Amino acid sequence: MARARRGGVGWRAVLAAALWLLLVAAEAGKYNAVFNFGDSLVDAGNLVTEGIPDYLATARPPYGQSYFRHPTGRCSDGRLVIDFIAQEFGLPLLPPSKAKNAPLFAGKDLREAYNLMPHVVQGISDGVEQLIAEGAKDLIVPGVMPSGCFPVYLSMYVDAKEGYGQRSGCLKRFNTFSWVHNAMLKGALEKLRAKHPGVRIVYGDYFTPVIQFLLQPEKFGFHKQPPRACCGAAGKGPYNFNLTAKCGEPGATACADPKTHWSWDGIHLTEAAYGHIAKGWLHGEFADQPIIQSS
Ligand SMILES: *[C@@H]1O[C@H](CO)[C@@H](O)[C@H](O)[C@H]1NC(C)=O
């Protein structure tokens with residue numbers, strides 16, 4: 001493998017958020033930069049798109065309250081997975097990306113979304129190949145979250161009783177969709193690994209942790225309850241999500257302790273949840289190999 005050079009530095013990459021972050025290394029195992037090529041596709045807002053202009057409400061309190069003490073444009077009460085990863089390597093935090101949710105699913109039903117799935121996965125795969133062509137050596141490619149567990153979908157769609165997971169209370173058809181996407185993505189990553197043996201490609205699992213947040217909440221310090229947004233207003237069902245009073249809008253309030261909830265605003269996760277996920281990626285519990293390699 002030819003190692004690409006940029007200013008005399010070999011490139012290492014980490015990929016996140018449907019498209020990616022990237023770490024530049026001065027020496028093996030040492031990173032000196034993180035790049036995020038992501039959009040918020042993985043933030044489970046992927047089927048919503050319309051009606052949720054992230055950047056408007058997220059510029060207002062209580063967004064950012066837990067860590068930064070002011071809104072930073074991050075769709076959470078604090079740090080995101082990439083922030084925790086950057087901090088782990090002693091790197092500065094990136095400004096949040098202003099990317100909106102991918103418009104791919106706008107106004108489309110699940111059947112159409114299934115038809116698009118191979119193209120979405122191909123797009124991610126092409127993106128990975130481009131970064132490898134640029135010299136990326138370490139990449140994290142994240143899957144998607146179980147969107148059927150998100151308050152936004154749970155309050156928008158009402159299915160028959162059999163349509164919900166017995167223990168999780170999640171909408172099965174949306175979780176199946178996310179699961180199939182992740183399976184297809186993992187298949188694509190296997191092909192990329194075979195094609196680029198000199199590159200490390202880590203699959204970042206967002207699906208398993210969110211399911212665990214629901215089924216074993218005590219393990220993470222979360223309340224045992226149906227999927228419920230910390231920040232929002234009463235709406236249909238027990239989800240504390242109301243499209244006309246979303247977090248950051250008049251009428252919405254945040255729970256007293258966001259550390260007890262995994263869902264921040266019904267669409268995005270809390271800093272606490274992102275912290276657990278980042279730890280699982282770094283040490284391997286929620287990744288197919290740990291980002292941090294023992295050397
Ligand atoms: C959602 O919020 C609106 C505006 O505050 C309110 O009028 C409506 O009753 C709420 N919906 C439910 C189901 O509580």
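Provided above is the structure to which this section pertains.
This one's a predicted model, so the numbers in the text were calculated from it and none came from an experiment.

Here the focus is the overall build of the chain. What the chain contains, in helices and strands, is seven helices and eight strands. Across the 295 residues that make up the chain, the buried fraction comes to 46%. The contacts in the chain between residues at least 6 apart in sequence include a share of 63% that link residues at least 24 apart.

With that settled, the discussion passes to the site of the ligand. Residues in contact with the ligand, as listed here, are Ala 233, Ala 234, Gly 235, Lys 236, Asn 242, Thr 244, Ala 245 and Gly 251. When the residues that make up the shell around the ligand are grouped by side-chain class, the tally is three nonpolar, four polar and one charged.

Here we take up the nonpolar core. If you look at soluble globular proteins, the nonpolar side chains tend to sit buried side by side. Membership of the largest hydrophobic core comes to 60 residues, with the highest contact counts inside it found for Val 81, Ile 85, Leu 139, Val 141, Val 210, Tyr 274 and Ile 277. Per-element accounting of this core gives the leading share, six residues, to helix H7 (residues 271-283).

Let us look at helix H5 (residues 172-195). Here H5 is 24 residues long and its end C-alpha atoms lie 35 Å apart, about the 34 Å a rise of 1.5 Å per residue gives. The complete set of buried residues in H5 reads Phe 174, Asn 175, Phe 177, Ser 178, His 181, Asn 182, Leu 185 and Leu 189. In this structure, the buried side of H5 is in contact with helix H3 (110-133), strand S5 (138-142), helix H4 (151-156), strand S6 (200-204) and helix H6 (207-215).

A word on the environment of Arg 79. Here Arg 79 is to be found in the loop between helix H1 (54-57) and helix H2 (81-88). Note: C-alpha distance between Arg 79 and Phe 68 (eleven residues apart in sequence) is 8.1 Å. Sequence-distant contacts of Arg 79, defined by excluding residues within four places in its chain, comprise Tyr 67, Phe 84, Glu 271 and Tyr 274.

Let's shift gears to the pairing of S5. Across the five residues that make up S5, a large majority, five, are buried. What you see with S5 is no split at all: Asp 138, Ile 140 and Pro 142 on one side and Leu 139 and Val 141 on the other are buried throughout. In the sheet, S5 pairs with S6 via five bridges, with the strands oriented parallel. Note on S6: the bridge partner recorded for Asp 138 is Arg 200.

Conventions adopted
Residues numbered from 1 in each chain as written. Predicted model: local features only at pLDDT ≥ 70, side-chain atom pairs only at ≥ 80, totals over all residues. Helix = DSSP H or I, 4+ residues; strand = E, 2+ residues; numbered from the N terminus. Buried ≥ 20, exposed ≤ 12 C-beta atoms within 10 Å, placed from the backbone. Contact = placed C-beta atoms within 7 Å. Near = placed C-beta within 6 Å. Nonpolar A, V, L, I, M, F, W, Y, C, P; charged D, E, K, R; others polar. Core = buried A, V, L, I, M, F, W, Y, C linked by C-beta atoms within 7 Å. Expected span 1.5 Å × (residues − 1). Pairing = 2+ DSSP bridges.

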